[in-house]
Structure formats: C-alpha cells, structure tokens
Amino acid sequence: MINRISTAHKGHRGRSLSGVSLAVISATLLVFASGQIPALAAESASSMACPSLTESGDDLTAAELPEGTSAIDCDLIGEVVREGEVAVTIPQPGRGVSATSIGEDGAPEEELTVEVSESGEISYTEHPEDELPSEPDEGQTPYTTVLGACDDTANSELSHTEWGTYNWYVGDGGMPGALSKSEAATAFGDAINNITGSYNNCGLEDQVNASASYQGTTTYEADINSSGTCTEEDGKSTWDAGDLPSTRVAITCTHYWAVTYDLYEADVRYNTTDFDFVNEVTSSCAEKYDVRSVGTHEAGHVFGLGHVSGKSHSNQTMYTNSFLCNEKARTLGYGDVLGLRSIY
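As a convention, each chain's residues are numbered from 1 in the sequence order in which they are written. Local features in this predicted model are restricted to residues of pLDDT 70 or higher, and side-chain atom pairs are both shown and tallied only at a pLDDT of 80 or more, whereas totals for entire chains, interfaces and linings draw on every residue. Excluding hydrogens and water, the side-chain values take into account all heavy atoms of the structure.

## What to know about the sheet that holds strand β2 (residues 86-89)
Working step 1: As summarised here, the arrangement of the 3 strands in space is β1-β2-β8, forming an open sheet in which the pairing is mixed. Bordering the open sheet on either side are β1 (80-83) and β8 (229-230), each of which pairs with just one other strand.
Working step 2: Two strands are said to pair when DSSP picks up at least two bridges between them. Counting from the N terminus, the helices are DSSP H or I runs at least four residues long and the strands are E runs at least two residues long. As paired strands, β1 and β2 are joined by 4 bridges and run antiparallel to one another. Directly across from R82, in β2, lies its bridge partner A87.

Put into structure tokens, the structure is as follows:
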C-alpha cells in the first residue's frame, strides 16, 4: 500500500478538501516575501514533469507518478497506476477510485486509492486505522495477543460513502463455489446485509443508515481484470467471479465523485482461478474459502470500510486476510461496527 497521506485530499470526514499542495503554498509564501508575482510563482511551483510512458504499456508506479502530477496536461487519464497486485485506471477529473482486496492467509496487504481533482492533479490517499497494537517492527518479539472481536475497536475508512442505495447485480459467467446465479445472489445479498444491518455478536444495535437493493442478473462483468486492475467503469455495480492475481482471494473496485465522495459504482470479483469457495462451511471443508465471509469483507469496502492489519486484529471482518474453512468474518467485530457508525 502506498504509505502516504495526500496533502491535496485527506477524505471527507474531517479532512481537508483543498486542492492546493503544501509545495504550492510554501512557494507562494516565498514569492510574497521576495516581491515576485504570485500567480507566476504558483504556476512554476505546480508544474511537474510528465512521466515517460513506455511503448509496451507497462503500468506506472507511484514513484513514477508523484502527487500533484497533472492527469490532463500529461494525458494520463485512462493510464494504469499499480501498487503490488492491485492497480487502478486513472479516472476523469473530479473522480476517485479505490482498489481493495482480501488476500489469502499470510499474503501482504494490497490497497490503492487514486483521485484526480477537478483541475486534474493526481493524489493518493492512505487510510489509517485506530491507534491499537499492530505488528511489531522487524527483529522485535511478535505479539501473541489476538484481540477478541468484541474487544477490538480498530477500524479504517476509505474515502467514499454510499449516500443513497447501493444497487447491485450478479454478473455474467461462473460463480464462486459453483453456485447458480440464484444461489450466488442469495449469498452475496446475505453478505451485503451483514454490513447494512451491522450484524454482530457484541450486542451492538444497528445504527447504520446504509441500504442496498438487488437488481437481478446482467450480461455485464465486474470491471476488474486478471492483473487486478480496476478498469474503466461501465455504470453497473456487478458481483462475479474470474481470474485475479494469485494471492488475491477477491478484489473490490469502488468509483466515487471526488468532490461529494458519493459512491456511484462498486464491483466485486472472487478469484475462482486460484481458490475454491464453499457456500456453507462443514466439518468436511478443506482448502476452501467461505463465500459469505469473503463477501462480507468486500461489502465492507463497498460501504467505505478500509482494512485493519496486524494479527492482533484478525477477529475483525475487515482484517486484511481471509481464513480457510472459517465463517467468522460473516459476523462484524466491534471495530467494524464503529467504523460503519462513523461513516453513516
């Protein structure tokens, strides 16, 4: 995950909405002191070299595409920027996109959010979690305490909110666990309802004003390709299955307006090329992931929840990894519910 907080945007819940970078502010103050013309100095400070695009079409990295780069001047809209096994297609001005994923047990966290301001500047956003114990630094003694689901308040928020009703579809092609489309719709719907209904075993009442509505099947597919890239949106929020990078159990791509932070499309894809899924976990389960547990985690991303990392938080639904033959992520932890309450 890109380990920085954007100076141009830090979200909509108590964060600055200014599109002016610290570099531009500093430069403007400097020229006022020196008597230079402010407009010319600001223009000079905000001008950045455009990245070199290779003929092979290789994805860009954050290092090659620093914050403040103009997606308009550099003709970058539609190009791809990558972080590990997830990537996003650079959106139109005034829009943002997040690629979030759940990995197999032990796989690294993969998450990337890119926004383009109305004037065209690119920014990245980190989603910090609550100040609770996480994994120790390399060389230190590992933590042995795993917090109980109802004792752990850790949570993290993405940049968007579903201000209205999340209208979703079951897409074309095969489904996880070899489910029929009707069975998949039921499983996905249960997972989404776990989020909108704040389903938990901690005695916490549902205070989350979030809603979703199943719209049926569609011939459309989730806008997520086999390399883990959020491709250009097609206008339908679609859940399906297919090929993804080998450590990603599922990926969610969320698209939102970077001014209101309102979600307008969210797609979810399960990785059925590298992993097997099961509709209900039984004693005979082996090397399979629970469809509803994975789906509840991904629905959390749809409604604006980010990851919590570190083994101490592994009883939270929004923990970065999934567990084989385990249904615990179907039920939200204390931190998961607090995160939803903070957003809604």
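## Quick look at the state of the cysteines
Working step 1: Pairs of cysteine sulfur atoms within 2.5 Å are identified as disulfides in what follows. Applying the stated criterion across every chain yields a total of 4 disulfides.
Working step 2: Put simply, C230 and C253 are joined by a disulfide, and their sulfur atoms are 1.9 Å apart. Disulfide C230-C253: the torsion about the S-S bond is -85°, which places it as left-handed. With C230 in strand β8 and C253 in strand β10 (residues 248-257), this residue pair connects regions lying 23 residues apart in the sequence.
Working step 3: A relative accessible area of 1% places C230 in the buried class.
Working step 4: Regarding the disulfides, the protein carries the connectivity 1-2, 3-4, 5-6, 7-8 under sequence-order numbering of its bonded cysteines. Burial classes follow relative accessibility: with a 1.4 Å probe on protein chains only, a residue under 20% of its type's maximum area counts as buried, one over 50% as exposed, and anything between as partly exposed.

## Some thoughts on the sheet that holds strand β11 (residues 263-271)
Working step 1: Spatial ordering of the open sheet is given by β5-β4-β3-β10-β11-β9-β6-β7, a layout of 8 strands whose pairing is mixed. Single-partner strands in this sheet number two, and they are β5 (122-124) and β7 (211-217). Adjacent strand axes in the sheet meet at a mean angle of 20° when their direction is disregarded.
Working step 2: Pairing of β10 with β11, which is carried by 7 bridges, proceeds in the antiparallel orientation. Within the sheet, the bridge partner assigned to H255 lies in β11 and is E265. The axes used here are C-alpha line fits, helices contributing only the stretch in contact, and every angle between their N-to-C directions lies in the interval 0 to 180 degrees.

## A short note on helix α3 (residues 181-196)
Working step 1: Residue count minus one, scaled by 1.5 Å, sets the expected span of a helix. Its 16 residues place the ends of α3 22 Å apart at the C-alpha level, agreeing with the 22 Å of an ideal helix rising 1.5 Å per residue.
Working step 2: If you check which residues of α3 are buried, you get A184, A185, A187, F188, G189, A191, I192, N194, I195 and T196.
Working step 3: Whether two residues are in contact is decided by their heavy atoms, any of which lying within 4.5 Å being enough. Each element contacted by the buried residues of α3 is listed here: β6 (165-170), β7, β9 (237-242), β11, α4 (291-302) and α5 (334-343).
Working step 4: Just downstream of α3, S198 is the residue with a positive phi angle, here 55°.

## Some points on the pattern of salt bridges
Working step 1: Any carboxyl oxygen of Asp or Glu within 4 Å of a side-chain nitrogen of Lys or Arg constitutes a salt bridge here. Inspection of every chain in the model, using the stated rule, returns 11 salt bridges.
Working step 2: Ionic pairing is found between R82 and D59, a salt bridge with its closest N-O pair at 2.8 Å. Taken together, the residues span a long stretch of sequence, with R82 in strand β1 and D59 in the loop between α2 (38-46) and β1 at a distance of 23 residues.
Working step 3: By relative accessible area, which is 18% here, R82 ends up buried.

## Thoughts on the environment of E111
Working step 1: The topology assignment puts E111 in strand β4 (residues 111-116).
Working step 2: On the basis of relative accessibility, which here comes to 3%, the residue E111 falls in the buried class.
Working step 3: Considering only alpha carbons, one finds E111 and R82, 29 residues apart in sequence, at a separation of 9.8 Å.
Working step 4: Throughout this description, a polar contact denotes any pair of N or O atoms lying within 3.5 Å of each other; where both atoms belong to protein, one of them has to be capable of donating a hydrogen while the other can accept it, and for residues adjacent in sequence the pair is counted only when both atoms sit in side chains. One polar contact links E111 to H307, side chain to side chain, over a distance of 2.9 Å.

## Describing unusual backbone geometry
Working step 1: Of note, the phi angle at A178 is positive, near 55°, even though the residue is not glycine.
Working step 2: Locating A178 in the fold gives a position in the loop between β6 and α3.
Working step 3: Here the phi dihedral of S198 falls at roughly 55°; this positive angle occurs in a residue that is not glycine.
Working step 4: Mapped onto the fold, S198 is located in the loop between α3 and β7.

## Here's the deal with the packing of α3 against α4
Working step 1: Direction vectors running N to C along α3 and α4 enclose 50°, while the axes themselves pass 8 Å from each other. Viewed along their axes, α3 and α4 adopt a mutual orientation that is oblique. Seen from above, α3 lies across α4 with right-handed handedness. Residues T186, A187, F188, D190, A191, I192, N194 and I195 of α3 touch α4, and the partners they reach there are V291, R292, G295, T296, A299 and G300. Reported orientations rely on four angle classes, namely roughly parallel under 35 degrees, roughly antiparallel over 145, roughly perpendicular from 65 to 115, and oblique for the rest. The handedness criterion is simple: a crossing whose near helix is rotated anticlockwise from the far helix by less than a right angle is left-handed, and one whose near helix is rotated clockwise is right-handed.

## What to know about the nonpolar core
Working step 1: Core analysis: the biggest nonpolar cluster contains 37 residues, and Y166, F188, W239, Y270, F277, V294 and F303 have the highest contact counts within it.
Working step 2: Counting only elements with at least two residues in this core, the list comes to β6, α3, β9, β10, β11, α4 and α5.
Working step 3: The element contributing the most residues to this core is α3, with 6 residues.
Working step 4: Only buried Ala, Val, Leu, Ile, Met, Phe, Trp, Tyr and Cys residues count toward a nonpolar core, and they belong to the same one when joined by side-chain atoms within 4.5 Å. Counting 23 residues, the second-largest nonpolar core is a separate cluster that includes A71, A99, C230 and L244.

## As for the packing of aromatic side chains
Working step 1: We call Phe, Tyr and Trp rings a pair once their centres come within 6.5 Å, taking the six-membered ring for Trp, and we label the pair stacked below 30 degrees between planes, edge-to-face above 60, and tilted otherwise. A full pass over the atoms with the stated rule returns 12 aromatic pairs.
Working step 2: Pairing W168 with W239 gives two aromatic rings, centres 6.1 Å apart and planes at 55°, and the pair type is tilted. A residue pair is termed long-range when its members are at least 10 positions apart, and W168 in strand β6 and W239 in strand β9 qualify at 71 residues.
Working step 3: For W168, a relative accessible area of 3% gives the class buried.
Working step 4: On the basis of relative accessible area, W239 is assigned to the buried category, the value being 0%.
Working step 5: Pairing F188 with Y270 gives two aromatic rings, centres 5.5 Å apart and planes at 25°, and the pair type is stacked.

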